[in-house]
Amino acid sequence: MTKQEFLQTYLVERCGTDCSKWDGLKEKFGEENLLAMWVADMEFKTCDEIVEAMMERTQHGVFGYSCVPDDYYQVFSDWMERRYHFPVRKEWVRFSTGCVTAIAWMIHAFTKPGDSCMILTPVYYPFHNVVTNGDRNLVRVELNYDNGYFTMDYKAIEKAIVDNQVKMFIQCSPHNPAGRVWTEEELDRVLEVCRRHDVLVISDEIHQDIILGEKPFVPAAIVSGGKYRDMVITLNSASKTFNLATLLHSHIIITNDELRKTYDRFASALNRTEVSIMGMIAAKAGYAYGEEWLGHVLDVVRDNYQYLKEEMNKQLPELTVCALEGTYLVMIDLRSYVDTEQLLEFVQKQCRLAVDYGEWFGEAYKGFIRLNLATNPDYVKQAVERIITQIN
């Protein structure tokens, strides 16, 4: 299937379908008729095999309490082993309605009110909220930023851990919105710091399958031959991979027996959520049959990024399009052209765009915007043209 054939087959109109990205514009931005480039989901229908598996279950007509079959664990483990050399055992896996929900559960299961939890900003804004809303002390450490490329500041991380007696590090890998796919060396350094100070690592790896460059994704649990596995809890899901967010199905992978027992005690008291039968069926079909579909999505995202970067670099040489190694969410630094105090007026009123703003992810990133590239290439072209035209 060519790229054009893929777009003709899978691009879908989402307006009028109770879609947050399009039908929620008035509530979120105060007006309609904006080009929606926010929210981390896609304009693509999921792969046919997922739809067929869900339709088959729908025809059965019963959606009662369900168990997870052994072949689900097998197909998930096969996916993890084939792509990331991380076979996952059935006994390690627990389920949640989403990775952010799972982070909240981890905070309450493994820390106490007043304990410090660390994040690396800019980072997905619910990371901030689940910590503060859980009555924990939020410790922010800024990533180093240099001309569109983000790196970890290990000295600042260790200092923050020591000064604040940090108990938990909530990691984003690949990092949203920095677009980084952390190397094994980078992960080894930060995990070693956490081990030295007895910090539990919650690694949100929901974007693990959205890898755009040559740099491979490395799960935190296999870094240095699994050296840190006992201090890492991995969260991932098929939701970003196959555009399944509201099927409410994600994984909690706990390899450490004692940590798993602690979590299970917490879950027995407070987390009585049943596994989403439709989410499980969709994820299973995706892991079994969705690899080719995913490859086409990644091709579209790469081309969208390449077009955006080349066109903006050519027309607006002082503007910075951040590197995008993973995720389909790109940060753009507009500060060379747009006054930070006028950014909302420029983006929303002049360009007529709905975007995620940099300060949502961290106060230091006022003047940045985040655009979703898992979308119609025509929308990307429109967004780029509007920004260039209005700046000029």
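- An unreviewed UniProt entry lists the chain under the name cysteine-S-conjugate beta-lyase, from Enterocloster clostridioformis.
- Under Cofactor (unreviewed entry), UniProt gives the following word-for-word description of the chain: "pyridoxal 5'-phosphate".
- The record in UniProt for the chain states the following under Sequence similarities (unreviewed entry): "Belongs to the class-II pyridoxal-phosphate-dependent aminotransferase family. MalY/PatB cystathionine beta-lyase subfamily."

What to know about the UniProt feature "domain: Aminotransferase class I/classII large" (unreviewed entry) in the chain
Inference 1: Under the present numbering, the feature "domain: Aminotransferase class I/classII large" (unreviewed entry) in UniProt falls on residues 42-387.
Inference 2: In the segment residues 42-387, helix accounts for 42% and strand for 17%; the C-alpha atoms at its two ends are 22 Å apart.

What about empty space enclosed by the protein?
Inference 1: A full pass over the atoms with the stated rule returns two cavities of 30 Å³ or more.
Inference 2: Lining the largest cavity, in full, are Ser237, Ala238, Ser239, Leu244, Leu247, Leu248, His249, Gly279 and Ala283.
Inference 3: Residue composition of the lining of the largest cavity, grouped by class: five nonpolar, four polar and no charged.
Inference 4: In this structure, the second largest cavity spans a volume of roughly 30 Å³.
Inference 5: Lining the second largest cavity are Val12, Glu13, Arg14, Trp22, Glu43 and Tyr379.
Inference 6: Per-class residue counts for the lining of the second largest cavity are three nonpolar, no polar and three charged.

Focus: the sheet that holds strand β2 (residues 93-96)
Inference 1: Pairing is mixed across the open sheet formed by seven strands, whose spatial order is β2-β10-β9-β8-β7-β3-β4. The sheet is open, and its two borders are formed by β2 and β4 (137-142), each paired with just one other strand. The sheet shows a mean angle of 25 degrees between the axes of neighbouring strands, direction not considered.
Inference 2: Across six bridges, the pairing between strand β3 (residues 116-121) and β4 is parallel.

Some words on the packing of helix α6 (residues 99-110) against helix α11 (residues 257-270)
Inference 1: Following both chains from N to C, one finds α6 and α11 inclined at 100 degrees, their axes separated by 9 Å at the closest point. On the basis of their axis angle, the class for α6 and α11 is roughly perpendicular. The residues of α11 that touch α6, namely those facing Trp105, Met106, His108, Ala109 and Phe110, are Leu259, Thr262, Tyr263 and Phe266.
Inference 2: Here the residues of the contact of α6 with α11 are counted per class, giving seven nonpolar, two polar and no charged.

Let's talk about the packing of aromatic side chains
Two aromatic rings are characterised by how far apart their centres lie and by the angle between their planes.
Inference 1: The final tally for this structure, using the stated rule, is 26 aromatic pairs.
Inference 2: Taken together, Phe6, Tyr10, Phe44, Phe76, Trp79, Phe242, Tyr287 and Trp293 form an aromatic cluster joined through their ring pairs.
Inference 3: Here the guanidinium or amino end of lysine 28 rests over the ring plane of tryptophan 360, the centre of that ring lying 4.6 Å away.

Re the domain arrangement of the chain
Inference 1: With domains assigned, the chain is organised as domain 1 (1-46 + 289-389) and domain 2 (61-286).
Inference 2: Using C-alpha coordinates to define each centre, domain 1 is positioned 25 Å away from domain 2.
Inference 3: Facing 32 residues of domain 1, the contacting portion of domain 2 comprises 38 residues.
Inference 4: Taken together, both faces of the contact between domain 1 and domain 2 bury some 3,000 Å²; the carbon and sulfur share is 57%.
Inference 5: On the domain 1 side of the contact with domain 2, Glu325, Thr327 and Phe361 bury the most area, a combined 24% of that side's loss.
Inference 6: In this structure, the connection of domain 1 to domain 2 is made through four salt bridges.

A word on helix α7 (residues 125-132)
Inference 1: Buried within α7 are the following residues: Pro126, Phe127, His128, Val130 and Val131.
Inference 2: On its buried side, α7 packs onto α6, β3, β4, β7 (166-172) and β8 (200-204).

Observations regarding the pattern of salt bridges
Inference 1: Taken as a whole and assessed by the stated rule, the structure comprises 27 salt bridges.
Inference 2: The shortest N-O distance in the salt bridge between aspartate 115 and lysine 112 comes to 3.9 Å.
Inference 3: Lysine 112 gets classed as exposed once you look at its relative accessible area, which sits at 56%.
Inference 4: Connected through salt bridges with shared partners, the residues Arg14, Lys21, Asp41 and Glu43 form a single ionic network.

Section: the side chain of lysine 21
Inference 1: Tracing the sequence through the fold places lysine 21 in helix α2 (residues 20-23).
Inference 2: The class for lysine 21 is buried, based on a relative accessible area of 1%.
Inference 3: At 2.9 Å, the side chain of lysine 21 and the backbone oxygen of aspartate 41 are in polar contact.
Inference 4: Non-local contacts of lysine 21, meaning those with residues more than four positions away in its chain, are made with Arg14, Ala36, Trp38, Val39, Asp41, Met42, Glu43 and Asn372.

Scoring rules and cut-offs
- Residues numbered from 1 in each chain as written.
- Predicted model: local features only at pLDDT ≥ 70, side-chain atom pairs only at ≥ 80, totals over all residues.
- Heavy atoms only, no water.
- UniProt positions renumbered as here; feature names shortened; annotations may be inferred.
- Helix = DSSP H or I, 4+ residues; strand = E, 2+ residues; numbered from the N terminus.
- 1 Å grid on protein atoms, 1.4 Å probe; cavity = no way out; pocket = protein on both sides within 12 Å on 5 of 7 lines; lining within 4 Å.
- Points joined across faces, edges and corners; volume = space filled by probe spheres on them.
- Nonpolar A, V, L, I, M, F, W, Y, C, P; charged D, E, K, R; others polar.
- Pairing = 2+ DSSP bridges.
- Axes fitted to C-alpha atoms, helices over the stretch in contact; angles between N-to-C directions.
- Parallel < 35°, antiparallel > 145°, perpendicular 65-115°, else oblique.
- Contact = heavy atoms within 4.5 Å.
- Phe/Tyr/Trp six-rings, centres within 6.5 Å; stacked < 30°, edge-to-face > 60°.
- Lys NZ or Arg CZ within 6 Å of the ring centre and 35° of its normal.
- Domains from an automatic or database assignment.
- Buried area = accessible area lost by both parts, 1.4 Å probe.
- Salt bridge = Lys/Arg side-chain N within 4 Å of Asp/Glu carboxyl O.
- Buried < 20%, exposed > 50% of the residue type's maximum accessible area, 1.4 Å probe, protein only.
- Polar contact = N/O pair within 3.5 Å; in protein donor to acceptor, adjacent residues only side chain to side chain.

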